[in-house]
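Read off the chains here:
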Amino acid sequence: MIHPLIGFIEKTFVITEFELRKLRHDFTELVTRALQPALWLLVFGQVFSRSGAMHTGNIPYLDFIAPGILAQSVLFVAIFYGINVIWERDLGIVQKFLVSPTPRAALVLGKGFSAGIRSLSQAAIVYGLSLLLGVKLNWHPLALLNVVVIVVLGATLFSTFSLIIACIVKTRERFMGVGQVLTMPLFFASNAIYPTDIMPGWLRTISHLNPLTYVVDGLRTCMLAGSTSTFGLGHDYTVILLTTIILVLIGARLYPHLAT
Amino acid sequence: MSDVVLEINALTRRFGAFTAVDSLTLSVNAGEVFSLLGSNGAGKTTTIKMLTTLLPPSSGEARVADFSITTQAVEVRRSIGYVPQAVSVDGSLTGYENLLIFAKLYDLPRRERQARIREALEFMGLTADGGRLVSQYSGGMVRRLEIAQSTLHRPRVLFLDEPTVGLDPIARDAVWKHLVDLRTNYGTTLFFTTHYLEEAESYCDRVAIMHLGKVTALGTCKELEASLGGDGHTLSEVFVHYAGSAMDSGGNLHNVSADRATAQRLG
């Protein structure tokens, strides 16, 4: 008899492995993911940086938003992850997985985790662009490892959130609508492209409830040379991990409804 | 040998005020090929969803391979295979990978996996195509791969929802040849729904006709034909008698578009 926890971890990685195998057969997705962060950094970042309108303390604006754009591109890709789940439901794939003895939470976390690993390609792109633009990056191995972990966790968090939306709305049309409605508020009510201390009080409060803020803060702390954390890296990790666990548990409850 | 592998007792499913399956009671023996016949909306798919633990019943109970669908769902899942009506293999993986993932999810021992997968591919006549992406498969090949995938763990009962919908007659025959072989070689009980009366007639030991959520007739095709009295009744006359109308693909827009989309992808 396999211990339930070991079984759960094993099954999670089986789901992740096969989601990643799909990538091996089709690389185009990785290329299309590069476009958005490139636009934000090369166009928006450069222009705003010249305007000098944003006061970001002792780090230049372009450096300031590089981690923000990485977090944003992770969010924008992950938030539409649920569309795959709806596609798999319209076929019979979700049903087939649900009829297998796999724990529901492993199905949900395995998918989220694969989205997390996929999003590492965006980290590579943002690092490449940052080098090109002269952003002062922190190359310490521990800092890089933290960036990898935060990117994977952040994408797992938002793709699981996306899966939950998919389980609720169940159709592609409604899902796209909800996805569009959610991304911008999540993005603007965060510290991705401006510091929270220039926000009006109500917006700052919302931004502190927004998990993206902690992803950005964690990334900014680890990615840039000489940057300090607003909340503390431990605090960032706690918020991100707890939110992910709660979302996976909710997702595991809702996922079986896709087959009914 | 009449050991019962599927025992359904007053199984009921309501959706709001609508009763999709109304107090269904029947039992199926091990090794039997059993078919549920009925128009769309008769409650066939809802029945299969409850028996495969995808949908909890509103009331009633069923035991599959001696396990309760309500209290022992995980044990039931280990004992059954399910081929949904829609395509359930992943087009972006190869045939081999589609089998490998399920070999892992069903905890087949590591040292047996490769042999089991090879055997399953061979059994379904897919040995030469295991390494190709499933998106390049024909409709009949997809169905055979789905059957291979759902029987890799040697389930005691295989549930199939419209297994041959959208296939041409040659592909349908091939799928049935493999299904009959499964029963012969492994004693797998087959429980399936179909729109094709001739399939029920050719391959089933017994059929149940469902109408508005209830079983209106149950028996071998011969028994049902005889039940109308007189000689020479066909199964389709039996169907009209017990289901109140001729077999048609009625249903609502969602059913029809789902059927056609399936047919298109398979075709």
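Structure first, text after, so check above.
If you're wondering where the values come from, they're calculated on a predicted model, not measured in any experiment.

Chemist: Would you mind going over the overall build of chain A with me for this structure?
Modeler: Per the secondary structure count, chain A includes 12 helices and 0 strands. Walking chain A from its N terminus toward its C terminus, one meets helices and strands in the order α-α-α-α-α-α-α-α-α-α-α-α. What you see for chain A is a C-alpha radius of gyration of 19 Å, in line with the 18 Å of a compact globule of 260 residues. With respect to the three principal axes, the spread of C-alpha positions in chain A is 55 × 40 × 35 Å.

Chemist: What exactly am I supposed to notice about the nonpolar core here?
Modeler: One broad trend across soluble globular proteins is that nonpolar side chains are buried collectively. Core analysis: the largest hydrophobic core is formed by 100 residues, its most contacted members being Y255 of chain A together with L6, I147, F159, L179, F191 and I209 of chain B. Sorting elements by how many residues they give to this core places helix 3 (residues 95-105) of chain B first, with 6 residues. What I147 of chain B contacts, discounting residues up to four positions off in sequence, is V83, M124, L158, L160, V175, L179 and L182 of chain B. If you look at the next biggest cluster of nonpolar residues, it comprises 51 residues, including I125, I150, A155 and A189 of chain A.

Chemist: How do you make sense of the sheet that holds strand 7 (residues 157-161) of chain B when you look at a structure like this?
Modeler: Hydrogen bonds between backbone groups are what pair the strands of a sheet, and the pairing can be parallel or antiparallel. All names here are of chain B. The sheet built from 6 strands is open, its strands ordered 6-7-8-3-9-10 with mixed pairing. Every interior strand has two partners, whereas the edge strands, strand 6 (80-83) and strand 10 (214-219), have only one. Strand-to-strand twist in this sheet, taken as the mean axis angle between neighbours without regard to direction, amounts to 15°. Strand direction decides the pairing type here: strand 6 and strand 7, joined by 4 bridges, are parallel. Residue pairing for strand 7: V83 is matched across the bridge by L160. The strands touched by helix 1 (residues 44-51) within the sheet are strand 3 (33-37), strand 6, strand 7, strand 8 (189-194) and strand 9 (206-211), with strand 7 carrying the most contacts at an inclination of about 150°.

Chemist: What should I look at first to understand the interface of chain B and chain A in this one?
Modeler: Accessible area lost upon the coming together of the parts serves often as the stated size of an interface. Across the boundary between the two partners, chain B contributes 31 residues, which contact 28 residues of chain A. At the boundary of chain B with chain A, total buried surface from both sides reaches about 2,600 Å², with 67% on carbon and sulfur atoms. Considering only the side of chain B, the residues that lose the most area to chain A are L54, R77 and L105 of chain B, jointly responsible for 23% of the buried surface there. Between the two partners, chain B and chain A, sit 4 salt bridges. The partner of D90 of chain B in a salt bridge is K22 of chain A, and the shortest N-O contact between them spans 2.8 Å. Applying the counting criterion to the chain B and chain A interface returns 10 residue pairs in polar contact (both at pLDDT 80 or more). Considering every element that reaches the side of chain B that touches chain A, the biggest residue donor is helix 3 of chain B, with 6 residues. Among the residues making up the side of chain B that touches chain A, the classes are represented as 16 nonpolar, 6 polar and 9 charged.

Chemist: Explanation requested: helix 2 (residues 28-51) of chain A in the structure shown.
Modeler: Residues and elements named next belong to chain A. Across its 24 residues, helix 2 extends 35 Å between first and last C-alpha, which sits within 8% of the 34 Å expected from 1.5 Å per residue. Taking the largest bend as the criterion, helix 2 deviates by roughly 35°, centred on G45. In this structure, the buried residues of helix 2 make contact with helix 3 (61-78), helix 6 (104-118), helix 7 (120-133) and helix 9 (172-188). In the stretch just after helix 2, G52 is the one whose phi turns positive, near 65°.

Chemist: Help me understand a nonpolar patch on the surface in this model?
Modeler: Residue and element names in this part refer to chain A. On the surface, a cluster of nonpolar side chains totalling about 480 Å² of accessible area is made up of L39, L42, V43, V47 and L132. The leading source of residues in the nonpolar patch is helix 2, at 4 residues. Structurally, L39 is set in helix 2.

Chemist: I'm lost on the environment of T12 of chain B in this one. Help?
Modeler: Residue and element names in this part refer to chain B. Turning to its location among the elements, T12 is positioned in strand 1 (residues 4-15). Among the residues examined, T12 registers a relative accessible area of 6% and is labelled buried. The sequence separation of T12 and G60 amounts to 48 residues, and the corresponding C-alpha distance is 5.8 Å. Setting aside residues up to four positions removed in sequence, T12 forms contacts with T19, V21, D22, S23, M50, P57, S58 and S59. Looking at T12, its side chain comes within polar contact range of the main-chain oxygen of A10, at 3.2 Å.

The rules behind the values
Each chain has its residues counted from 1, following the order in which its sequence is written. Chains and ligands are labelled by the order in which they are written, letters from A for the one and numbers from 1 for the other. Reporting in this predicted model follows two pLDDT cut-offs: at least 70 for local features of residues, and 80 or more for side-chain atom pairs to be given and counted; totals over whole chains, interfaces and linings ignore these cut-offs and use all residues. Only hydrogens and water are set aside when side-chain values are computed; all heavy atoms of the structure are taken into account. Working definition: helices are DSSP H or I runs of at least four residues, strands are E runs of at least two. Numbering for both runs from the N terminus. Each radius of gyration reported is based on C-alpha atoms, and the globular scaling rule is 2.2 Å times the count of residues to the power 0.38. Buried Ala, Val, Leu, Ile, Met, Phe, Trp, Tyr and Cys residues that are joined via side-chain atoms within 4.5 Å together make up what is termed a nonpolar core. Working definition: with a 1.4 Å probe on protein chains only, accessible area under 20% of the residue-type maximum means buried, over 50% means exposed, and in between means partly exposed. Residues are treated as being in contact if the distance between any of their heavy atoms lies within 4.5 Å. Here, strands pair whenever DSSP counts at least two bridges between them. Orientation is described by lines fitted to C-alpha atoms, with helices fitted over the stretch in contact, and by angles between N-to-C directions that extend from 0 to 180 degrees. Summed over both partners, the accessible surface that disappears when two parts come together, traced with a 1.4 Å probe, is what is meant by buried area. Should a side-chain nitrogen of Lys or Arg be within 4 Å of a carboxyl oxygen of Asp or Glu, the pair is scored as a salt bridge. For this analysis, a polar contact is any N or O atom pair within 3.5 Å, provided that within protein one partner can donate a hydrogen and the other can accept it, and provided that sequence-adjacent residues contribute only side-chain to side-chain pairs. Lys, Arg, Asp and Glu make up the charged group, whereas Ala, Val, Leu, Ile, Met, Phe, Trp, Tyr, Cys and Pro make up the nonpolar group; the residues left over, Gly among them, are polar. Take the residue count of a helix, subtract one, and multiply by 1.5 Å to get its expected span. One fitted axis covers the seven residues ending at a residue, a second covers the seven starting there, and the bend at that residue is the angle between these axes. What goes into a patch is any residue over 30% in relative accessible area without a salt bridge, connected to like charges within 9 Å or, for nonpolar side chains (Val, Leu, Ile, Met, Phe, Trp, Tyr), within 5 Å. The method behind every accessible area is Shrake-Rupley, applied with a 1.4 Å probe, and residues are considered shielded solely by the protein chains displayed.

Any functional reading would require information that these geometric values do not contain.
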